Amino acid sequence: MGTNVWNGAGRRIHMQEVGTRDGLQVEPCFVPTGDKIALVNALSRAGLAKIEVTAFVSPQAIPALRDAEQVLREIERAPGVVYSALVPNVRGAERAIDARADELNLVMSASESHNLANLRMTRAQSFQALSAVSAIARQAGTAVNVSLSCSFGCPMEGDVPQDTVWDWCARYVEALGARGVTLCDTTGMAYPGQVAALVRGFKRRWPDTELTLHFHNTRGMGLANVLAAIDAGADRFDASLGGLGGCPYAPGATGNVCSEEIVHALQLMGYDTGVDLEQLLEAAHRLPALVGHAVPSQLVAAGRRLDLHPLPADFDAIRERALARG
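These numbers were taken from a predicted model, which means no experiment stands behind them.

A.B. asks: Explain the sheet that holds strand β4 (residues 103–109) to me, please; I cannot follow it from the model alone.
C.D. replies: As a general point, the strands of a sheet are linked pairwise by backbone hydrogen bonds and lie either parallel or antiparallel. Ordered by their spatial adjacency, eight strands build a closed barrel running β1-β2-β3-β4-β5-β6-β7-β8, and the pairing between neighbours is parallel. Neighbour-to-neighbour, the strand axes of this sheet turn through a mean angle of 25 degrees, independent of strand direction. In this structure, strand β1 (residues 14–17) lies alongside strand β2 (residues 50–55), joined through two bridges in parallel fashion. The residue bridging Gln16 from the neighbouring strand is Lys50, located in β2. Where helix α6 (residues 123–140) meets the sheet, it contacts β4 and β5 (143–149), and its direction lies at approximately 170 degrees from that of β4. Lying over the sheet, helix α10 (residues 259–268) contacts β1 and β8 (236–239), oriented at roughly 170 degrees with respect to β1.

Next comes the structure, spelled out in structure tokens:
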């Protein structure tokens, strides 16, 4: 689009939090249910546009999210916030709808190898299963978003052809009527030129479909990819509080782009994220105690750009000695 990406001029960017699902699902410790609920409530107050609260998956497969129903039922819902849940199958969809999910997030991979490794199904089998989920959602009046993993590359196959990405997007948007599609950089293989091309291609084909970009910072290009996507016309981004996350079936994958870091950067450029950064940081500072280790967030470590530090305790003496030297 050729916009000045460095000057947001008040343009609205919708920030969508995935840390309470994508982040917590890979943590070895179980975060207590009450703490999960409090974390989601804090994120709601901070002004996130959408929160992927949890996943309705087998407790044996992902024990960290075995309290999905209770969490989704007991959170405080803020007006205007979309509360989403990942669902892999019909049973998960039924559970999520019963727990009052606003949106079902369906996941499959653009790569056959990753889909088999991650979901134990071929892509065709995934589409068949998710078609049934979509039908249940349509009957219940619940919105559907489809997250297409490995849209920017597969750790086992390499580059994924753009035509493959378009083919799967078309099936969900045109055949199943999905409200939104998320193009996922599951293992941090995306780069800015590729991102811009995919965003422009999607916008040209499906201008009325909600497009989200989901980047990981595996190779340090997360923010650059966000800016490239914005320049190409995107305005919705998944991010994870504290930079938590990763794919258990993607070797070497690290966390998602960090919510507070992206908000901090975009606000400095003049974009309207709708997020209270101070409240978001307060939520991020809770994470080390909850997960039992430091988090990747540079803002948690260093603070915002103008979070200043006190003068040295002996500053007056230093100044006096300097002045005395004339």
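A.B. asks: Would you explain the nonpolar core in this entry?
C.D. replies: Buried together is how nonpolar side chains tend to be arranged in soluble globular proteins. Counting residues in each nonpolar core, the largest one holds 100 residues, and the members touching the most others are Met15, Leu213, Phe215 and Phe237. For this core, the leading source of residues is helix α7 (residues 162–175), giving seven residues. If near-sequence neighbours (up to four positions away) are discounted, Phe215 is found in contact with Phe152, Asp185, Ala190, Val195, Gly222, Asn225, Val226, Ala229, Phe237, Asn256 and Val257.

A.B. asks: In this structure, what is going on with the packing of helix α2 (residues 33–46) against helix α11 (residues 277–284)? I would like to understand it.
C.D. replies: If you want to describe how two helices pack, look at the angle between their axes and the distance between the axes. The contact between α2 and α11 brings their axes to 8 Å, and the two run at 165 degrees. Classified by the angle their axes make, α2 and α11 are roughly antiparallel. Helix-helix and strand crossings are classified by hand; for α2 and α11 the assignment is left-handed. Seen from α2, the contacting residues are Leu39, Ala42, Leu43, Arg45 and Ala46; seen from α11, they are Gln279, Leu280 and Ala283.

A.B. asks: Please clarify how the packing of α6 against α7 should be interpreted in this entry.
C.D. replies: Between α6 and α7, the least distance of the axes is 11 Å, while the angle of their chain directions is 20 degrees. Considering their axes alone, α6 and α7 lie roughly parallel with respect to each other. Between α6 and α7 lies a crossing whose hand is right-handed. Contacts between α6 and α7 involve Arg123, Ala124, Ser126, Phe127 and Leu130 from the first element and Thr164, Trp168, Arg171 and Tyr172 from the second. Each residue belonging to the contact of α6 with α7 can be placed in one class, and the counts come to five nonpolar, two polar and two charged.

A.B. asks: Which parts of the structure should I look at to understand empty space enclosed by the protein?
C.D. replies: Gaps left between atoms show up when a probe the size of a water molecule is rolled over them. Per the stated rule, a full pass over the model turns up one cavity of 30 Å³ or more. In this structure, the largest cavity occupies an estimated 90 Å³ of space. Breaking the lining of the largest cavity down by element, the ones donating at least two residues are β1, β2, β4 and β5. A breakdown of the residues in the lining of the largest cavity according to their chemical character gives one nonpolar, seven polar and five charged.

A.B. asks: Looking at this structure, I do not really get the pairing of strand β7 (residues 210–214). What am I missing?
C.D. replies: As a general feature of sheets, a regular strand has side chains that alternate between the two faces. With five of its five residues buried, β7 lies for the most part within the structure. Across the two faces of β7 the burial is the same, with Glu210, Thr212 and His214 and Leu211 and Leu213 all buried. Pairing analysis gives five bridges linking strand β6 (residues 180–184) to β7, with the strands arranged parallel. Bridge pairing links Leu183 to Leu213 in β7. With respect to chirality, the unit in which β6 leads through helix α8 (residues 192–205) into the neighbouring parallel β7 is right-handed. Note: β7 against β8, two bridges, orientation parallel. Bridge pairing links Leu213 to Phe237 in β8.

A.B. asks: Hey, could you run me through the packing of aromatic side chains in this one?
C.D. replies: Each aromatic ring pair is summarised here by two numbers: the centre-to-centre distance and the angle between the ring planes. One pass over the structure, following the stated rule, counts five aromatic pairs. Ring geometry for Phe127 against Trp168: centres 6.1 Å apart, planes inclined by 55 degrees, an arrangement best described as tilted. With Phe127 in helix α6 and Trp168 in helix α7, this residue pair connects regions lying 41 residues apart in the sequence. In this structure, Phe127 and Trp168 share a single accessibility class: buried.

Calculation criteria
Residues numbered from 1 in each chain as written. Predicted model: local features only at pLDDT ≥ 70, side-chain atom pairs only at ≥ 80, totals over all residues. Heavy atoms only, no water. Pairing = 2+ DSSP bridges. Helix = DSSP H or I, 4+ residues; strand = E, 2+ residues; numbered from the N terminus. Axes fitted to C-alpha atoms, helices over the stretch in contact; angles between N-to-C directions. Contact = heavy atoms within 4.5 Å. Core = buried A, V, L, I, M, F, W, Y, C linked by side-chain atoms within 4.5 Å. Buried < 20%, exposed > 50% of the residue type's maximum accessible area, 1.4 Å probe, protein only. Parallel < 35°, antiparallel > 145°, perpendicular 65-115°, else oblique. Left-handed = near helix turned anticlockwise from the far one by under 90°. Nonpolar A, V, L, I, M, F, W, Y, C, P; charged D, E, K, R; others polar. 1 Å grid on protein atoms, 1.4 Å probe; cavity = no way out; pocket = protein on both sides within 12 Å on 5 of 7 lines; lining within 4 Å. Points joined across faces, edges and corners; volume = space filled by probe spheres on them. Right-handed = clockwise from strand over helix to strand, strands pointing away. Phe/Tyr/Trp six-rings, centres within 6.5 Å; stacked < 30°, edge-to-face > 60°.

By themselves, these are just geometric observations and shouldn't be taken as functional.
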